[in-house]
Amino acid sequence: MTSRRFECTRCQRCCARPGQVEFSAPEAFLAASFLQLPLAELTEAYMQPEGDGWIIDVDEGSPCPFLGKDGCVIHSVKPSQCRTYPFWPELIDEPGAWQAEAAWCEGIGQGPVYDDDAIAAILNGEGDTFENDSEPS
Ligand code: SF4
Ligand code: SF4
């Protein structure tokens, strides 16, 4: 039985952290539709091809281009990587990884408890964090 506490404080640190934001092809299409842009325009401006999908390289000092002042501007269609954070299997399953991730994400260890079922639902796309159920993050 795994249970984890998490409550997003909307600190936006995860969206500014250096790394890669991954979009499957359908996720990139959805983001483009949501922004009312042609897919090619969106990918040309922000993304690089990776496998069957796309990635955004986020560098130090240059947050994800979809981070607006009030949070993610594509919140309702943000990719699975973002929607499921911080409940990534590698953070849940690897000993110590969840605690270590708290150095990046101040919401880890705070707020409501997510049990195995809630985490599985989030990862399967059948559920959401309590924050995502309501407001942008
Ligand atoms: S998920 Fe964590 S790092 Fe990202 S905005 Fe919420 S509290 Fe901050
Ligand atoms: S797509 Fe949205 S949630 Fe994901 S990193 Fe960019 S701003 Fe953050």
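Right above here is the structure, for reference.
What comes next is a walk through the structure. Quantities reported herein were computed from a predicted structural model and do not represent experimental measurements.

## Section: the site of ligand 1
At step 1: Near ligand 1, the surroundings consist of F6, C8, T9, R10, C11, Q12, C14, Y85, W104, C105 and G107.
At step 2: Of the residues that constitute the shell around ligand 1, the class distribution is 7 nonpolar, 3 polar and 1 charged.

## Re the layout of surface pockets
At step 1: Here the largest pocket defines a volume of roughly 620 Å³.
At step 2: Along the walls of the largest pocket sit 36 residues, with C14, C15, Q81, C82 and Y85 positioned nearest its centre.
At step 3: Among the secondary structure elements, those contributing two or more residues to the lining of the largest pocket are α1 (13-16), β2 (19-23) and α4 (80-84).
At step 4: With 4 residues, β2 is the largest single contributor of residues to the lining of the largest pocket.

## Brief notes about the environment of R83
At step 1: For R83, the position within the fold is in helix α4.
At step 2: For the pair R83 and E44, spaced 39 residues apart in the sequence, the C-alpha separation amounts to 23 Å.
At step 3: Within the structure, R83 has its side chain in polar contact with the backbone oxygen of G127 (distance 3.1 Å).

## A look at the pattern of salt bridges
At step 1: Counted by the stated rule, this structure contains 2 salt bridges.
At step 2: Salt-bridge contacts for E101 lead to R17; the nearest nitrogen and oxygen are separated by 2.6 Å. Remark: R17 occurs in the loop between α1 and β2 and E101 occurs in helix α6 (residues 97-101); sequence separation between them is 84 residues.
At step 3: Under the relative-accessibility criterion, E101 is labelled buried at 7%.
At step 4: Put simply, K69 and D70 hold a salt bridge, and the shortest N to O gap is 3.5 Å. Across this residue pair, the class does not change: K69 and D70 are exposed.

## Quick word on the sheet that holds β2
At step 1: Overall, antiparallel pairing links the 3 strands, which are arranged β2-β4-β3 in an open sheet. Whereas interior strands pair on both sides, the edge strands pair on one side only; in this sheet they are β2 and β3 (48-50). Pairs of neighbouring strands in the sheet enclose a mean axial angle of 40°, with direction left out of account.
At step 2: Where β2 and strand β4 (residues 53-58) come together, 5 bridges link them in antiparallel fashion. Counterpart to G19 in the pairing with β4 is V58.
At step 3: Here helix α2 (residues 25-34) sits on the sheet and contacts β2 and β4; the angle it forms with β2, its principal contact strand, is near 85°.

## Quick word on the site of ligand 2
At step 1: Looking at ligand 2, the residues that line it are C15, V21, C64, F66, L67, C72, I74, K78 and C82.
At step 2: Taking a 2 Å distance to the grid points as the criterion, the majority of the atoms of ligand 2 fall inside the largest pocket.
At step 3: Its residues assigned to classes, the shell around ligand 2 shows 8 nonpolar, no polar and 1 charged.

## Quick notes on the nonpolar core
At step 1: Counting 14 residues, the largest nonpolar core has F23, M47, I56, F66 and I74 as its most contacted members.
At step 2: Elements that contribute at least two residues to this core include exactly β2, α2 and β4.
At step 3: With 3 residues, the top contributor of residues to this core is α2.
At step 4: Filtering out sequence-adjacent residues up to four positions away, F66 remains in contact with F23, L35, L42, Y46, M47, I56, G71, C72, V73 and I74.
At step 5: Judged by nonpolar contacts, the second largest core, of 12 residues, contains F87, L91, W98 and C105.

The rules behind each value
Residues numbered from 1 in each chain as written. Chains lettered and ligands numbered in written order. Predicted model: local features only at pLDDT ≥ 70, side-chain atom pairs only at ≥ 80, totals over all residues. Heavy atoms only, no water. Near = heavy atom within 4 Å. Nonpolar A, V, L, I, M, F, W, Y, C, P; charged D, E, K, R; others polar. 1 Å grid on protein atoms, 1.4 Å probe; cavity = no way out; pocket = protein on both sides within 12 Å on 5 of 7 lines; lining within 4 Å. Points joined across faces, edges and corners; volume = space filled by probe spheres on them. Helix = DSSP H or I, 4+ residues; strand = E, 2+ residues; numbered from the N terminus. Polar contact = N/O pair within 3.5 Å; in protein donor to acceptor, adjacent residues only side chain to side chain. Salt bridge = Lys/Arg side-chain N within 4 Å of Asp/Glu carboxyl O. Buried < 20%, exposed > 50% of the residue type's maximum accessible area, 1.4 Å probe, protein only. Pairing = 2+ DSSP bridges. Axes fitted to C-alpha atoms, helices over the stretch in contact; angles between N-to-C directions. Contact = heavy atoms within 4.5 Å. Sits in = over half its atoms within 2 Å of the grid points. Core = buried A, V, L, I, M, F, W, Y, C linked by side-chain atoms within 4.5 Å.

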